[in-house]
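In case you want the letters, here they are:
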Amino acid sequence: MTHDDWTDAGFATRAIHAGQAPDATTGAVVPPIYQVSTFAQDGVGGLRGGYEYSRSGNPTRTALEDALASVEGGARAFAFSSGLAAEDALLRAVLRPGGHVVVPNDAYGGTYRLIARVLGPWGVDHTVVDPTDLDAVAAAIEHGRTALVWVESPSNPLLSVTDIAAVSALARAAGAVLVVDNTFATPYLQQPLALGADVVVHSTTKYIGGHSDVVGGALVVGDGAQLPVGLEGPTGTTALVDAVGYLQNAAGAVAGPFDAWLALRGLRTLAVRMDRHCSNALTVARYLRDHSAVTQVIHPGLEEHPGHELAGRQMSAFGAMVSFRVGSREKALDVCARTKVFTLAESLGGVESLIEHPAQMTHASVAGSALEVPDDLVRLSVGIEDVADLVADLGQALA
Ligand code: PLP
């Protein structure tokens, strides 16, 4: 398996070239879809290029994994069949019964569900905390017991911004692993490993795929990242990369070749898409802020957002998610029903604009928990259409 070295190249160049050398056999300019389950061996153990069976490794998946490792500045990346499959692999790599996770109070609902409802019965404990309150994070970390500190920044759907470097110092002092869900920011806007995270998680379903045509996930492990203090992985080492790689194969929730190919095709245009996504989102957020039917607009690019200054420091732009409140659940549902350019749908990060009602859709699973979201909240994934059409659409829906 090859790993091209594009370390000195810029982001867009790495997104297009890292791991994606023309095919050695045919010269195909983009990595082909190796839609194959098994590979011929030249005598027992005589693997060509290291490939044996596609759960363990597949050339299309390797191309995606090498490209993701390069754009996140990580040692290695691992591609999974969904963002939650990636999260599950990480959680099982670093946790054992009795282990403890610090979870932010506005994590993606599915993340919370996985930690609380799926791993809870296996003896994993968690504490929910406001991640923007560093004293609260410090108090929630139990030295010797906390294995993992979870950060999602900006968060889904309330777009809070967490100081990654500061939380990293707290996690490190306790021997815990720091994971950052970088789905909303993308590696183009934010580099959590450089800020001190041990591992980054992505739902590649979102901006990396970018076209609402694939479900996928990834973990990118930082150079030298270790398992929580006191834990040894199944291969007898304490390296996080070994434990995650082992689980990817042993539990097997890998990205299929076509899904890996789609995610990689999306990654190549991430930089140009994000520029347009971000400028459209800022225009939409400013328009909503001035609208009389809107009681609050939440977007890190607005000066009044409590995380505006921090986002300006740890991100290169403010992302393209905008949430806003309209005073009642009925009004929120009404706006969601009336847009025409914004499609009413779950998910985010595609070229087309989407609108949704988190309380009843993406975050329905956290109703009644500390992560419950306000029921007059509307979430927008601002796409890359003409911004005048987006503003006009919201205008008529709010009229
Ligand atoms: N993380 C965030 C921030 C998300 O928004 C999502 C899905 O919406 C996930 C993780 C889970 O990803 P997937 O739906 O690909 O499993």
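Computed from a prediction, not measured in an experiment: that's the story for all the values here.

Engineer: So what's going on with the nonpolar core? Residues and values would help.
Structural biologist: Ranked by internal contacts, the top residues of the largest apolar core, which has 76 residues, are Leu178, Leu267, Leu288, Phe324 and Leu380. Broken down by element, the residue count for this core peaks at eight residues, all from helix H10 (residues 270-289). Those residues in contact with Leu267 that lie beyond four places of it in its chain are Ala15, Ala67, Leu68, Val71, Ile208 and Arg273. Core analysis: the next-biggest nonpolar cluster, separate from the first, contains 37 residues, Phe80, Trp150, Leu231 and Ala243 among them.

Engineer: Describe the pattern of salt bridges, naming the residues involved and giving the relevant values.
Structural biologist: One pass over the full model with this rule turns up 14 salt bridges. In this structure, Glu303 engages Arg289 in a salt bridge whose closest nitrogen and oxygen atoms are separated by 3.3 Å. Here Arg289 lies in helix H10 and Glu303 lies in the loop between strand S8 (296-298) and helix H11 (308-314), a separation of 14 residues in the sequence. Judged by relative accessible area, Glu303 falls into the partly exposed class, the value being 48%.

Engineer: Summarise the site of the ligand; cite the residues concerned and give the values.
Structural biologist: Inspection of the region around the ligand gives 14 residues, with Gly83, Asp181, Ser203, Thr205 and Lys206 positioned closest. Between the ligand and the protein, one listed contact pairs an oxygen atom with a side-chain N or O atom of Asn156 at 3.0 Å. Here Lys206 contributes a side-chain N or O atom positioned 2.7 Å from an oxygen atom of the ligand. Protein burial of the ligand: of its 390 Å² of free accessible surface, 90% is covered by the chains. More than half of the atoms of the ligand fall within 2 Å of the grid points belonging to the second largest pocket. In terms of residue class, the shell around the ligand is made up of three nonpolar, seven polar and four charged.

Engineer: Describe in detail the side chain of Arg268, supporting the description with residues and values.
Structural biologist: Note that Arg268 resides in helix H9 (residues 257-268). In this structure the side chain of Arg268 is engaged in a polar contact, spanning 2.7 Å, whose partner is the side chain of Gln20. Setting aside chain neighbours within four positions, we find Arg268 in contact with Ala15, Ile16, Gln20, Val30 and Pro31.

Engineer: Describe the sheet that holds strand S6 (residues 199-203), with residues and values.
Structural biologist: Strand order in the open sheet formed by seven strands is S1-S7-S6-S5-S4-S2-S3, with mixed pairing between adjacent strands. If you trace the sheet from one side to the other, it starts and ends with strand S1 (76-80) and strand S3 (125-129), each paired once. Along the sheet, successive strands turn relative to each other by an average axial angle of 20°, direction set aside. Alignment of strand S5 (residues 177-181) against S6, held across three bridges, turns out to be parallel.

Engineer: I'd love a proper account of the side chain of Ser203, names of residues and values included.
Structural biologist: Within the secondary structure, Ser203 is located in strand S6. Here the side chain of Ser203 touches Lys206 through a polar contact of 3.0 Å, side chain to side chain. In this structure Ser203 touches Gly83, Thr183, Gly216 and Gly217, once residues within four positions along its chain are discounted.

Engineer: Could you give me a rundown of the domain arrangement of the protein, with the residues and numbers involved?
Structural biologist: Reports of interface size often rely on the accessible area that becomes lost once the parts have come together. Assigned domains within the protein: domain 1 (7-267) and domain 2 (271-398). Its C-alpha centre places domain 1 at a distance of 26 Å from the equivalent point of domain 2. Domain 1 puts 41 residues into the contact, and the matching count from domain 2 is 41 residues. In this assembly, domain 1 packs against domain 2 so that about 3,100 Å² is buried in total across both faces, 63% of it on carbon and sulfur atoms. Considering only the surface of domain 1 that becomes buried against domain 2, Leu159, Leu189 and Tyr207 emerge as the three largest contributors, covering 24% of it. The interface formed by domain 1 and domain 2 includes zero salt bridges. Where domain 1 meets domain 2, there are 15 residue pairs in polar contact (both at pLDDT 80 or more). When contributions to the side of domain 1 that touches domain 2 are tallied by element, the ones reaching two or more residues are helix H1 (11-17), helix H4 (109-118), helix H7 (186-189) and H9. Per-element accounting of the side of domain 1 that touches domain 2 gives the leading share, five residues, to H4.

Engineer: Describe unusual backbone geometry, and please don't skip the residues or the numbers.
Structural biologist: Looking along the chain, the bond that leaves Ser153 and enters Pro154 is cis, with omega of -10°. Position of Pro154 relative to the elements: it lies in the loop between strand S4 (146-152) and helix H6 (164-173). Cis peptide bonds are those with omega within 30 degrees of zero, and the linkage from Asn156 to Pro157 qualifies with 10°. With respect to the element layout, Pro157 can be found in the loop between S4 and H6. Backbone geometry places Ser212, a non-glycine residue, at a positive phi of 55°.

Engineer: Report on helix H8 (residues 240-251), specifying residues and quantitative values.
Structural biologist: The end-to-end C-alpha distance of H8, which contains 12 residues, comes to 16 Å, matching closely the 16 Å that a straight helix rising 1.5 Å per residue would cover. Taken together, the buried positions of H8 are occupied by Leu240, Ala243, Val244, Gly245, Leu247 and Gln248. Each element contacted by the buried residues of H8 is listed here: helix H2 (59-72), S1, helix H3 (83-94), S5, S6 and strand S7 (217-221). The positive-phi residue at the C-terminal boundary of H8 is Gly252, with phi of around 85°.

Here is what the cut-offs are and how they apply
- Residues numbered from 1 in each chain as written.
- Predicted model: local features only at pLDDT ≥ 70, side-chain atom pairs only at ≥ 80, totals over all residues.
- Heavy atoms only, no water.
- Core = buried A, V, L, I, M, F, W, Y, C linked by side-chain atoms within 4.5 Å.
- Buried < 20%, exposed > 50% of the residue type's maximum accessible area, 1.4 Å probe, protein only.
- Helix = DSSP H or I, 4+ residues; strand = E, 2+ residues; numbered from the N terminus.
- Contact = heavy atoms within 4.5 Å.
- Salt bridge = Lys/Arg side-chain N within 4 Å of Asp/Glu carboxyl O.
- Near = heavy atom within 4 Å.
- Polar contact = N/O pair within 3.5 Å; in protein donor to acceptor, adjacent residues only side chain to side chain.
- Areas by Shrake-Rupley, 256 points an atom, 1.4 Å probe, with all protein chains shown as cover.
- 1 Å grid on protein atoms, 1.4 Å probe; cavity = no way out; pocket = protein on both sides within 12 Å on 5 of 7 lines; lining within 4 Å.
- Sits in = over half its atoms within 2 Å of the grid points.
- Nonpolar A, V, L, I, M, F, W, Y, C, P; charged D, E, K, R; others polar.
- Pairing = 2+ DSSP bridges.
- Axes fitted to C-alpha atoms, helices over the stretch in contact; angles between N-to-C directions.
- Domains from an automatic or database assignment.
- Buried area = accessible area lost by both parts, 1.4 Å probe.
- Expected span 1.5 Å × (residues − 1).

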